[in-house]
Amino acid sequence: MTAYSLVARLRRAAFAGALCAGLAVAGTGCGADPDEGTNGVGKLPADKIAGKAKEAATAADAVHLSGTLVSGGGTFTLDMRLGADGGSGEVKSKENTFRLLRVGEQLYLKADAAFWGQSDSAGKLGDKYVKVPANDPSYKQFRGFTDMDVLLDVLLTLDGKVAKNEEYAKVGHTRAVQLTGDQGKGGKLSVSLEGTPYPLLMERAGGAGRVELGEWGKTFPLAAPAQDETVDYGSQLPTTKSQNTGGGASPAPKGSGQGSDPGKP
């Protein structure tokens, strides 16, 4: 071996070492452990990861959901805070925007006068919290948007064989492992690799919505509205604009399976 070839070989070795050092800082390549600094769930089989995520979600006291759900031909945009005793937030459809508030079993709906359409009471109900009677046909559907257990049951379900992506990704600033159902055709669920393995993002099968889940366990104020902000219309809500025109989709998104309960998202 000549002196020149020896020098060249040493230079190549030094370059390779520097490259590996740089990649190790980035957390990839050259023998770096992708699970270093994580909660370790990424090492588990896909079904175990899904189980850990559901356990974490079930044990949480609260969650913030934001994103879109598709049901009955309609797309609903959600921004909801949910807890064990109720929930509150905003729901938007193509035609309407309304707020929902549930404290225990008492459900309130707040919308502008246009939401109530041609009803005689539209002017009185606009921008007021209207009590939704428990025996009104819409109660169960509207309530589904405020029920943490119901929504999570739908959002954390993957159809078909569950697998995991070996390459980790990020949801916001949080590292996550992605699970897929039926190679993605049955939905995708991203689970946190940092701290508690909470679900962070659900992409429902067939383009039926994309919902981010965050602020797990963060409590929020939940109280009935003031009396002067509330209207009790009686045993049944007036007909809304969407019902009058026949163009309104079911106010709560249904599950992906056949014969789903119309009161479930």
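## Considerations on the overall build of the protein chain
Move 1: Counting its regular elements, the protein chain contains 7 helices and 13 strands.
Move 2: The buried share of the protein chain, reckoned over its 265 residues, is 41%.
Move 3: At a minimum sequence separation of 6, the contacts of the protein chain that also span at least 24 residues come to 54%.
Move 4: Here the protein chain has roughly 14,300 Å² of accessible surface; of this, 50% comes from carbon and sulfur atoms.

## Describing the pairing of strand E4 (residues 97-103)
Move 1: As paired elements, strand E3 (residues 86-92) and E4 share 7 bridges and run antiparallel to each other. The residue bridging Gly86 from the neighbouring strand is Val103, located in E4.
Move 2: Adjacent in sequence and paired antiparallel, E3 and E4 are bridged by 4 residues.
Move 3: Bridge count between E4 and strand E5 (residues 106-111): 6 bridges; the pairing is antiparallel. When the sheet's bridge partners are listed, Arg102 is paired in E5 with Leu107.

## Some points on the pattern of salt bridges
Move 1: This structure, assessed with the given rule, holds 6 salt bridges.
Move 2: Between Asp147 and Arg143 there is a salt bridge whose closest N-O contact spans 2.6 Å.
Move 3: Judged by its relative accessible area of 12%, Asp147 is buried.
Move 4: Overlapping salt bridges, with partners in common, bring together Arg81, Glu215 and Lys218 in one network.

## Side note on the confidence of the model for the protein chain
Move 1: Taken residue by residue, the protein chain gives an average pLDDT of 82. The fraction at 70 or more is 76%.
Move 2: Contacts from residues 19-28, a stretch scored under 50 in pLDDT, to residues over four places away or in other chains number 5 contacts.
Move 3: Below a pLDDT of 50 lies the segment residues 241-264, which in the model reaches 51 contacts outside its immediate sequence neighbourhood of four places, other chains included.

## Side note on the packing of aromatic side chains
Move 1: A complete count under the given rule lists 5 aromatic pairs for this structure.
Move 2: Ring centres of Phe98 and Phe142 lie 5.5 Å apart, and the angle between their planes is 85°; on these two criteria the pair is classed as edge-to-face. With Phe98 in strand E4 and Phe142 in helix H5 (residues 139-144), this residue pair connects regions lying 44 residues apart in the sequence.
Move 3: According to the relative accessible area criterion, Phe142 is buried, its value standing at 6%.
Move 4: Geometrically, the ring pair formed by Phe115 and Trp116 is edge-to-face, given 5.0 Å between the ring centres and 85° between the ring planes.

## A closer look at helix H2 (residues 46-59)
Move 1: An ideal rise of 1.5 Å per residue puts 20 Å on 14 residues; H2 measures up with 20 Å between its terminal C-alpha atoms.
Move 2: Along H2, the residues classified as buried are Ala46, Ile49, Ala50, Ala53, Ala56 and Ala57. All buried residues of H2 project into a common sector of 125° when viewed along the axis, lining one side. H2 presents Asp47, Glu55, Thr58 and Ala59 as exposed residues on the side facing more than 90 degrees away from its buried surface.
Move 3: Where H2 is buried, its residues contact helix H6 (148-155), strand E7 (162-164), strand E9 (174-181), strand E10 (188-192) and strand E11 (199-203).

## As for the pairing of E3
Move 1: Burial within E3 is extensive, with 5 of its 7 residues counted as buried.
Move 2: Pairing analysis gives 7 bridges linking strand E2 (residues 74-83) to E3, with the strands arranged antiparallel. Considered in E3, the bridge of Arg81 is made with Ser88.
Move 3: Hairpin remark: E2 followed by E3, antiparallel, with 2 residues in the connecting loop.

Rules of the game
Residues numbered from 1 in each chain as written. Predicted model: local features only at pLDDT ≥ 70, side-chain atom pairs only at ≥ 80, totals over all residues. Heavy atoms only, no water. Helix = DSSP H or I, 4+ residues; strand = E, 2+ residues; numbered from the N terminus. Buried < 20%, exposed > 50% of the residue type's maximum accessible area, 1.4 Å probe, protein only. Contact = heavy atoms within 4.5 Å. Areas by Shrake-Rupley, 256 points an atom, 1.4 Å probe, with all protein chains shown as cover. Pairing = 2+ DSSP bridges. Salt bridge = Lys/Arg side-chain N within 4 Å of Asp/Glu carboxyl O. pLDDT = per-residue confidence, 0-100. Phe/Tyr/Trp six-rings, centres within 6.5 Å; stacked < 30°, edge-to-face > 60°. Expected span 1.5 Å × (residues − 1). Arc of directions from axis to C-beta.

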